[in-house]
Amino acid sequence: PQARQFFVGGNFKMNGSKESIQTIVKNLNSASLPSNVEVVIAPPAPYLFWASEHNKQSTVEISAQNCFDKASGAYTGEISAVSLKDLGIPWVILGHSERRTIFKETDELIASKTKFALDSGLKVILCIGETLEEKKAGKTLEVCKRQLKAVTDVVSDWTNIVIAYEPVWAIGTGLAATAEDAQEIHKDIREYLSTVIGSQSESVRILYGGSVSGKNAKDFKDKTDVDGFLVGGASLKPEFVDIIKSRE
Ligand code: PEP
(Lines give C-alpha, C1' and ligand atoms only; values in the text may rest on other atoms or scores of the structure.)
Protein backbone atom coordinates (compact mmCIF):
# COMPACT_ATOMS: atom_id res chain seq x y z
CA PRO A 1 0.00 0.00 0.00
CA GLN A 2 1.05 3.53 -0.82
CA ALA A 3 2.37 5.65 2.05
CA ARG A 4 -0.03 8.39 3.00
CA GLN A 5 1.43 11.77 3.89
CA PHE A 6 0.62 12.86 7.43
CA PHE A 7 -1.88 15.73 7.33
CA VAL A 8 -2.84 18.25 10.01
CA GLY A 9 -5.72 20.65 9.46
CA GLY A 10 -6.65 23.57 11.67
CA ASN A 11 -10.25 24.70 11.66
CA PHE A 12 -10.47 28.14 13.27
CA LYS A 13 -14.29 28.12 12.97
CA MET A 14 -15.78 31.61 13.42
CA ASN A 15 -12.91 32.86 15.56
CA GLY A 16 -10.12 35.35 15.27
CA SER A 17 -9.22 38.88 14.31
CA LYS A 18 -6.60 40.37 11.99
CA GLU A 19 -4.27 40.51 14.94
CA SER A 20 -4.86 37.02 16.34
CA ILE A 21 -4.77 35.34 12.93
CA GLN A 22 -1.57 37.13 12.04
CA THR A 23 -0.11 35.91 15.33
CA ILE A 24 -1.07 32.29 14.56
CA VAL A 25 0.37 32.46 11.04
CA LYS A 26 3.58 34.13 12.26
CA ASN A 27 3.92 31.47 14.91
CA LEU A 28 3.73 28.81 12.19
CA ASN A 29 6.18 30.80 10.04
CA SER A 30 8.78 30.82 12.78
CA ALA A 31 8.33 27.17 13.77
CA SER A 32 10.58 24.52 12.27
CA LEU A 33 7.86 22.35 10.82
CA PRO A 34 8.57 18.85 9.54
CA SER A 35 8.88 18.94 5.75
CA ASN A 36 6.86 15.73 5.37
CA VAL A 37 3.68 16.94 7.08
CA GLU A 38 0.98 18.65 5.06
CA VAL A 39 -0.57 21.46 7.10
CA VAL A 40 -3.76 23.27 6.17
CA ILE A 41 -5.30 26.11 8.17
CA ALA A 42 -8.87 27.28 7.74
CA PRO A 43 -9.52 30.82 8.98
CA PRO A 44 -12.97 32.39 8.70
CA ALA A 45 -13.81 33.53 5.16
CA PRO A 46 -13.12 37.26 5.70
CA TYR A 47 -9.55 36.41 6.75
CA LEU A 48 -8.66 33.91 4.04
CA PHE A 49 -6.65 36.35 2.00
CA TRP A 50 -5.10 37.90 5.09
CA ALA A 51 -3.87 34.51 6.29
CA SER A 52 -2.68 33.60 2.83
CA GLU A 53 -0.73 36.88 2.50
CA HIS A 54 1.09 36.29 5.80
CA ASN A 55 1.83 32.61 5.35
CA LYS A 56 5.48 32.00 4.46
CA GLN A 57 5.66 28.25 5.12
CA SER A 58 5.79 26.13 2.00
CA THR A 59 4.18 23.18 3.81
CA VAL A 60 1.23 25.26 5.04
CA GLU A 61 -1.79 25.87 2.82
CA ILE A 62 -5.01 27.77 3.38
CA SER A 63 -8.54 26.39 3.40
CA ALA A 64 -12.02 27.86 3.40
CA GLN A 65 -14.54 26.38 5.84
CA ASN A 66 -17.36 26.13 3.34
CA CYS A 67 -18.39 26.90 -0.22
CA PHE A 68 -21.48 26.56 -2.38
CA ASP A 69 -22.24 24.29 -5.32
CA LYS A 70 -22.68 27.07 -7.89
CA ALA A 71 -20.00 29.19 -9.58
CA SER A 72 -21.81 32.53 -9.37
CA GLY A 73 -25.22 34.14 -9.39
CA ALA A 74 -28.05 35.16 -7.09
CA TYR A 75 -26.90 33.35 -3.94
CA THR A 76 -26.53 36.17 -1.44
CA GLY A 77 -24.02 35.46 1.29
CA GLU A 78 -22.58 32.32 -0.27
CA ILE A 79 -18.95 31.56 -1.13
CA SER A 80 -18.04 30.38 -4.61
CA ALA A 81 -15.46 27.63 -5.11
CA VAL A 82 -14.47 29.49 -8.26
CA SER A 83 -13.69 32.64 -6.23
CA LEU A 84 -11.59 30.60 -3.81
CA LYS A 85 -9.62 29.15 -6.69
CA ASP A 86 -9.25 32.66 -8.16
CA LEU A 87 -7.83 33.91 -4.84
CA GLY A 88 -5.33 31.06 -4.66
CA ILE A 89 -7.08 29.28 -1.80
CA PRO A 90 -6.50 25.60 -2.58
CA TRP A 91 -8.65 23.86 0.04
CA VAL A 92 -12.16 23.84 1.43
CA ILE A 93 -13.69 22.02 4.41
CA LEU A 94 -17.09 20.57 3.56
CA GLY A 95 -19.64 18.72 5.65
CA HIS A 96 -18.41 19.88 9.03
CA SER A 97 -20.85 18.76 11.71
CA GLU A 98 -21.64 22.38 12.55
CA ARG A 99 -22.73 22.89 8.92
CA ARG A 100 -24.75 19.69 9.04
CA THR A 101 -26.52 20.44 12.32
CA ILE A 102 -26.75 24.23 12.70
CA PHE A 103 -27.18 25.00 9.00
CA LYS A 104 -29.13 21.85 8.16
CA GLU A 105 -26.89 20.77 5.31
CA THR A 106 -27.95 17.41 3.93
CA ASP A 107 -25.71 14.57 2.74
CA GLU A 108 -26.83 15.38 -0.80
CA LEU A 109 -25.98 19.08 -0.60
CA ILE A 110 -22.57 18.27 0.87
CA ALA A 111 -21.96 15.74 -1.90
CA SER A 112 -22.98 18.26 -4.52
CA LYS A 113 -20.69 20.90 -3.00
CA THR A 114 -17.85 18.39 -2.89
CA LYS A 115 -18.27 17.56 -6.55
CA PHE A 116 -18.49 21.22 -7.51
CA ALA A 117 -15.44 22.18 -5.45
CA LEU A 118 -13.37 19.37 -6.96
CA ASP A 119 -14.53 20.27 -10.47
CA SER A 120 -13.49 23.87 -9.72
CA GLY A 121 -9.97 22.71 -8.90
CA LEU A 122 -10.14 22.79 -5.11
CA LYS A 123 -9.07 20.07 -2.70
CA VAL A 124 -11.66 19.03 -0.14
CA ILE A 125 -11.53 18.07 3.52
CA LEU A 126 -14.74 16.08 3.78
CA CYS A 127 -16.04 15.72 7.34
CA ILE A 128 -18.16 12.82 8.47
CA GLY A 129 -19.10 11.40 11.85
CA GLU A 130 -21.89 10.30 14.11
CA THR A 131 -23.72 12.09 16.91
CA LEU A 132 -23.77 10.79 20.48
CA GLU A 133 -27.28 9.39 19.96
CA GLU A 134 -26.19 7.57 16.84
CA LYS A 135 -23.14 6.21 18.65
CA LYS A 136 -25.30 4.96 21.53
CA ALA A 137 -27.59 3.28 19.02
CA GLY A 138 -24.58 1.46 17.54
CA LYS A 139 -24.92 3.33 14.25
CA THR A 140 -21.45 4.82 13.93
CA LEU A 141 -20.38 2.95 10.81
CA GLU A 142 -23.83 3.09 9.27
CA VAL A 143 -23.86 6.90 9.55
CA CYS A 144 -20.34 7.25 8.16
CA LYS A 145 -21.21 4.99 5.23
CA ARG A 146 -24.38 6.96 4.49
CA GLN A 147 -22.47 10.25 4.54
CA LEU A 148 -19.73 8.83 2.32
CA LYS A 149 -22.11 7.12 -0.09
CA ALA A 150 -23.72 10.45 -0.95
CA VAL A 151 -20.29 11.55 -2.15
CA THR A 152 -19.22 8.30 -3.86
CA ASP A 153 -22.51 8.49 -5.77
CA VAL A 154 -21.32 11.66 -7.51
CA VAL A 155 -17.51 11.61 -7.24
CA SER A 156 -15.36 8.81 -8.61
CA ASP A 157 -11.87 10.32 -8.31
CA TRP A 158 -10.90 10.69 -4.65
CA THR A 159 -7.36 11.98 -5.28
CA ASN A 160 -8.16 15.45 -3.98
CA ILE A 161 -10.32 14.46 -1.04
CA VAL A 162 -9.13 14.04 2.53
CA ILE A 163 -11.70 12.49 4.85
CA ALA A 164 -12.01 13.81 8.40
CA TYR A 165 -13.75 11.40 10.75
CA GLU A 166 -15.10 13.65 13.47
CA PRO A 167 -17.48 12.08 15.95
CA VAL A 168 -19.81 14.91 16.94
CA TRP A 169 -19.64 13.93 20.62
CA ALA A 170 -15.90 14.54 20.58
CA ILE A 171 -15.93 17.96 18.93
CA GLY A 172 -15.16 20.75 21.37
CA THR A 173 -15.97 18.54 24.36
CA GLY A 174 -12.49 17.62 25.56
CA LEU A 175 -13.53 13.98 25.15
CA ALA A 176 -11.47 12.67 22.25
CA ALA A 177 -12.06 9.18 20.90
CA THR A 178 -9.39 6.75 22.05
CA ALA A 179 -6.68 6.05 19.52
CA GLU A 180 -7.83 2.40 19.47
CA ASP A 181 -11.45 3.33 18.71
CA ALA A 182 -10.35 5.82 16.06
CA GLN A 183 -8.14 3.20 14.40
CA GLU A 184 -11.01 0.71 14.34
CA ILE A 185 -13.51 3.05 12.71
CA HIS A 186 -10.91 4.47 10.31
CA LYS A 187 -10.13 0.93 9.19
CA ASP A 188 -13.86 0.23 8.71
CA ILE A 189 -14.26 3.47 6.76
CA ARG A 190 -11.36 2.56 4.49
CA GLU A 191 -12.75 -0.94 4.00
CA TYR A 192 -16.13 0.47 3.06
CA LEU A 193 -14.50 2.94 0.71
CA SER A 194 -12.57 0.13 -0.98
CA THR A 195 -15.82 -1.63 -1.80
CA VAL A 196 -16.92 1.48 -3.69
CA ILE A 197 -13.74 3.03 -5.14
CA GLY A 198 -11.43 0.01 -5.02
CA SER A 199 -7.72 0.24 -4.33
CA GLN A 200 -7.83 4.06 -4.56
CA SER A 201 -9.02 3.90 -0.94
CA GLU A 202 -5.47 2.97 0.10
CA SER A 203 -4.21 6.42 -0.78
CA VAL A 204 -7.07 8.45 0.74
CA ARG A 205 -6.04 10.14 3.98
CA ILE A 206 -8.47 9.65 6.87
CA LEU A 207 -7.99 12.24 9.62
CA TYR A 208 -9.30 12.03 13.13
CA GLY A 209 -10.98 15.12 14.57
CA GLY A 210 -12.51 15.84 17.96
CA SER A 211 -10.67 17.37 20.92
CA VAL A 212 -7.21 16.66 19.56
CA SER A 213 -4.59 18.47 21.66
CA GLY A 214 -0.86 18.83 21.97
CA LYS A 215 -1.12 16.24 24.74
CA ASN A 216 -3.17 13.45 23.16
CA ALA A 217 -1.95 13.70 19.54
CA LYS A 218 0.98 11.36 20.22
CA ASP A 219 -1.41 8.61 21.38
CA PHE A 220 -2.42 8.10 17.75
CA LYS A 221 1.14 7.74 16.52
CA ASP A 222 1.16 4.02 15.74
CA LYS A 223 -2.38 3.85 14.36
CA THR A 224 -1.94 2.91 10.73
CA ASP A 225 -5.28 4.21 9.47
CA VAL A 226 -5.12 7.53 11.30
CA ASP A 227 -3.41 9.69 8.68
CA GLY A 228 -3.56 12.94 10.56
CA PHE A 229 -5.91 15.26 12.41
CA LEU A 230 -8.46 17.96 11.92
CA VAL A 231 -8.06 20.27 14.87
CA GLY A 232 -10.51 22.90 16.10
CA GLY A 233 -9.82 24.66 19.39
CA ALA A 234 -6.14 23.70 19.66
CA SER A 235 -5.40 25.07 16.18
CA LEU A 236 -5.78 28.58 17.63
CA LYS A 237 -3.06 27.91 20.20
CA PRO A 238 0.71 27.39 20.10
CA GLU A 239 0.16 23.67 20.83
CA PHE A 240 -0.97 23.32 17.21
CA VAL A 241 2.74 23.06 16.39
CA ASP A 242 3.06 20.12 18.82
CA ILE A 243 0.24 18.37 16.97
CA ILE A 244 1.99 18.97 13.64
CA LYS A 245 5.15 17.46 15.13
CA SER A 246 3.36 14.59 16.88
CA ARG A 247 4.74 11.95 14.50
CA GLU A 248 8.36 12.94 14.98
C1 PEP B 1 -13.47 20.67 14.59
O2 PEP B 1 -14.21 21.63 14.72
O3 PEP B 1 -13.26 20.21 13.45
C4 PEP B 1 -12.87 20.07 15.79
C5 PEP B 1 -12.32 18.89 15.71
O6 PEP B 1 -12.93 20.81 16.95
P7 PEP B 1 -12.14 20.52 18.34
O8 PEP B 1 -10.73 20.12 17.98
O9 PEP B 1 -12.19 21.83 19.06
O10 PEP B 1 -12.86 19.41 19.03
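From a predicted model like this one, the values you see are computed outputs, not experimental measurements. Counting from 1, residues in each chain are numbered in the order their sequence is written. Predicted model: local features are reported for residues with pLDDT of at least 70 only, side-chain atom pairs are reported and counted for 80 or more only, and whole-chain, interface and lining totals are derived from all residues.

### Some points on the overall build of the chain
- The way it works is that DSSP assigns letters per residue, a run of H or I at least four long becomes a helix, a run of E at least two long becomes a strand, and they are numbered from the N terminus. Secondary structure assignment for the chain yields nine helices and eight strands.
- Note that the radius of gyration is over C-alpha atoms, with the globule rule given as 2.2 Å times the number of residues to the power 0.38. A globule of 248 residues ought to have a C-alpha radius of gyration of about 18 Å, and the chain, at 17 Å, matches this closely.
- For the chain, the spread of C-alpha atoms along the three principal axes comes to 45 × 45 × 35 Å.
- Buried, partly exposed and exposed are defined by the number of other C-beta atoms within 10 Å of a residue's own C-beta, namely 20 or more, between the two limits, and 12 or fewer respectively, with C-beta atoms placed from the backbone. Sorting the 248 residues of the chain into buried and exposed places 42% on the buried side.
- For the chain, the share of sequence-separated contacts (at least 6 apart) that also reach a separation of at least 24 residues comes to 72%. Once C-beta atoms have been placed from the backbone, residue pairs whose C-beta atoms lie within 7 Å are recorded as contacts.

### Focus: helix H8 (residues 179–197)
- Take the residue count of a helix, subtract one, and multiply by 1.5 Å to get its expected span. Between the first and last C-alpha of H8 there are 26 Å, a value that for 19 residues agrees with the 27 Å anticipated at 1.5 Å per step.
- Ala182, Ile185, His186, Ile189 and Leu193 are the residues of H8 that are buried. Take H8 and look down its axis: the buried residues cluster within an arc of 105°, on one side only. Facing away from the buried side of H8 by more than 90 degrees, the exposed set consists of Glu180, Glu191 and Thr195.
- Each element contacted by the buried residues of H8 is listed here: helix H7 (140–152), strand S6 (161–165) and strand S7 (206–209).
- Following H8 by one or two positions, Gly198 has its phi on the positive side, about 70°. In this description, the arc belongs to the directions extending from the helix axis to the C-beta atoms.

### Regarding the packing of helix H5 (residues 107–119) against H7
- Between N-to-C directions, angles cover 0 to 180 degrees, with each direction set by a line fitted to C-alpha atoms, over the stretch in contact for helices. Between H5 and H7, the least distance of the axes is 8 Å, while the angle of their chain directions is 45°. In this view, H5 runs oblique relative to H7, as classed from their interaxial angle. In this structure, H5 meets H7 at a crossing whose hand is right-handed. Of H7, the residues touching H5 (which contributes Asp107, Glu108, Ile110, Ala111 and Thr114) are Arg146, Gln147, Ala150 and Val151.
- Note on residue classes: Ala, Val, Leu, Ile, Met, Phe, Trp, Tyr, Cys and Pro are nonpolar, Asp, Glu, Lys and Arg are charged, and everything else, Gly too, is polar. A per-class count over the contact of H5 with H7 returns four nonpolar, two polar and three charged. Should an angle lie under 35 degrees it is considered roughly parallel, over 145 roughly antiparallel, and from 65 to 115 roughly perpendicular; all remaining angles are considered oblique. Crossing handedness: left-handed means the near helix sits turned counterclockwise from the far one by under a right angle, and right-handed means the same turn made clockwise.

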